[in-house]
Amino acid sequence: MRPIESAPPVVAVDVGGTSVKAGVVAADGTVSRLTRVATPPPGLDAQPVVDAVVAVVEKLTAADSGGPAALGLVVPGIVDEQAGLAVAAENLGWRDVPLRDLVARRLDCPVVLGHDVRAGGLAEHRVGACRGARDSVFLPVGTGIAAALVLDGRLFAGAGYAGEIGHVDVGTGLPCACGGRGCLETVASAAAVARRYTAATGRPVDGSRDVAALVRAGEPAAVAVWDEALDALARGLAMLTGIVAPEIIAVGGGFGEAADLVVDPLGERLAQRLTFHRVPRVVPAELGDLAGCVGAGLLAWELIS
Ligand SMILES: [Zn+2]
C-alpha cells in the first residue's frame, strides 16, 4: 500500500465574483494548501475562467507525482450539477457553459461541478454548524441571499433553481434587480442594508459592517434599516419553515458576521411568527468563506468513493 502522503490529493476550487479559492480537501473536510487568485473579468466566454481553474489546480498539485484524484469545482449562479452546466451566472456573464467537461478535458481527473451555496450547505451539514440534522438550511446573506436546502439528509437542487429565497416576495413593494418586486433581497441583503442606510441618511457607508457598528451605537436610522432587514428575513424564513420545516438554519455571509445582531434576533423573530410549526434553531454558520471550498471537496470525495 502506498503511504497516505503520496496519495493523489482531492482538490476543490470555488470560483467567486472576485476571487478563486482553491485547496486540497481531506475526506473529513479539512482544507490545506489554501490559495486565492483573482477571478478573471466577466465575459460571455468562460475560457479565461477555465484557464484560471486549470492553472490553480496545476500549481496546487505541482509537487505531487501526478494530478489530483478528483476535482470539485463550484461556481455561483444557476448550476445544473447533473448536466455539469453553468446555466447562468450574472456576476461572471455566462450562459449555458459546459464547465465540468471543459475543465475535465484539460485535467486528467474526474471533475464534479457544483453550486457554491449548495456546496456550502453540504459542508455545513456534514462538518459544520448543521452536523447531526436531517433537514437543514444554510443561509448566506451577502451581496445577495440564497439558501441551500438539505432535506432528508440530501441536498435539494431543483435542477439548479431551488433555494432562491432572496427572490420571494416579502411585501416590501420595492423593485428588484431580478425584474420582480418585493423580493427579500431588496431590504435584507448586506448590500441592501448599506444602500438603504445611505438612502435614508445621505451618509455613505462601507458595507453592512459599518451599519452594524451604528446599530450597536444605537443610531436610530441604522436601527430602523436593520430592523426592517431582520423582519423581512424572519418573514422569508417563516415561509420556508412552513414548507420544508428545517431543524436548523445556519446563517452565514457578510451580514451573518454580525452574529449577535443577526442570528439571535432572527431566531426570536422567526419563532414569534410560527405557531404549531417545528421551530428551527437559528445558529451562526461555522465554515465562514471556506464553506464553498469544503463542500466542493466533499462533492469530489463522493465522486471517487
Ligand atoms: Zn428579485
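Everything below is about the structure printed above this text.
The present account deals with the structure reproduced in this document. All residue numbers refer to position in the chain's written sequence, counted from 1. Since the coordinates come from a predicted model, pLDDT governs what is reported: local features require at least 70, and pairs of side-chain atoms require 80 or more to be given and counted, while whole-chain, interface and lining totals use all residues. No hydrogens and no water enter the side-chain calculation; it runs on all heavy atoms of the structure.

1. Notes on the pattern of salt bridges
- Within this document, salt bridges are pairs made up of a side-chain nitrogen of Lys or Arg and a carboxyl oxygen of Asp or Glu, the two lying within 4 Å of each other. Taken as a whole, this structure holds 14 salt bridges when the rule is applied.
- Across the pair Arg134 and Asp152 runs a salt bridge, and its minimum N-O distance is 3.3 Å. Of this pair, Arg134 sits in the loop between α3 (116-127) and β9 (136-140) while Asp152 sits in the loop between β10 (148-151) and β11 (154-156), and the two are 18 residues apart along the sequence.
- For Arg203, the salt bridge identified is with Glu219, shortest N-O distance 3.2 Å. Placement of Arg203 in the loop between α5 (190-201) and α6 (208-216) and of Glu219 in the loop between α6 and α7 (220-244) is noted, with a sequence separation of 16 residues between them. Runs of H or I in DSSP of at least four residues are treated as helices and runs of E of at least two as strands, each being numbered from the N terminus.

2. Regarding the sheet that holds strand β5 (residues 78-80)
- Pairing between strands is defined by DSSP: at least two bridges between them are needed. Read across the open sheet, the 3 strands follow the order β5-β6-β7; overall the sheet is antiparallel. Taken across any chain shown, the strands that pair with only one partner, and hence form the sheet edges, are β5 and β7 (94-97). Across the sheet, the mean angle separating the axes of adjacent strands is 10° when strand polarity is ignored.
- Pairing between β5 and strand β6 (residues 85-89): 3 bridges, direction antiparallel. Looking across to β6, one finds that Asp80 is bridged to Leu85. To obtain each axis, a line is fitted to C-alpha atoms, and for helices this fit is confined to the stretch in contact; angles are then taken between N-to-C directions over 0 to 180 degrees.

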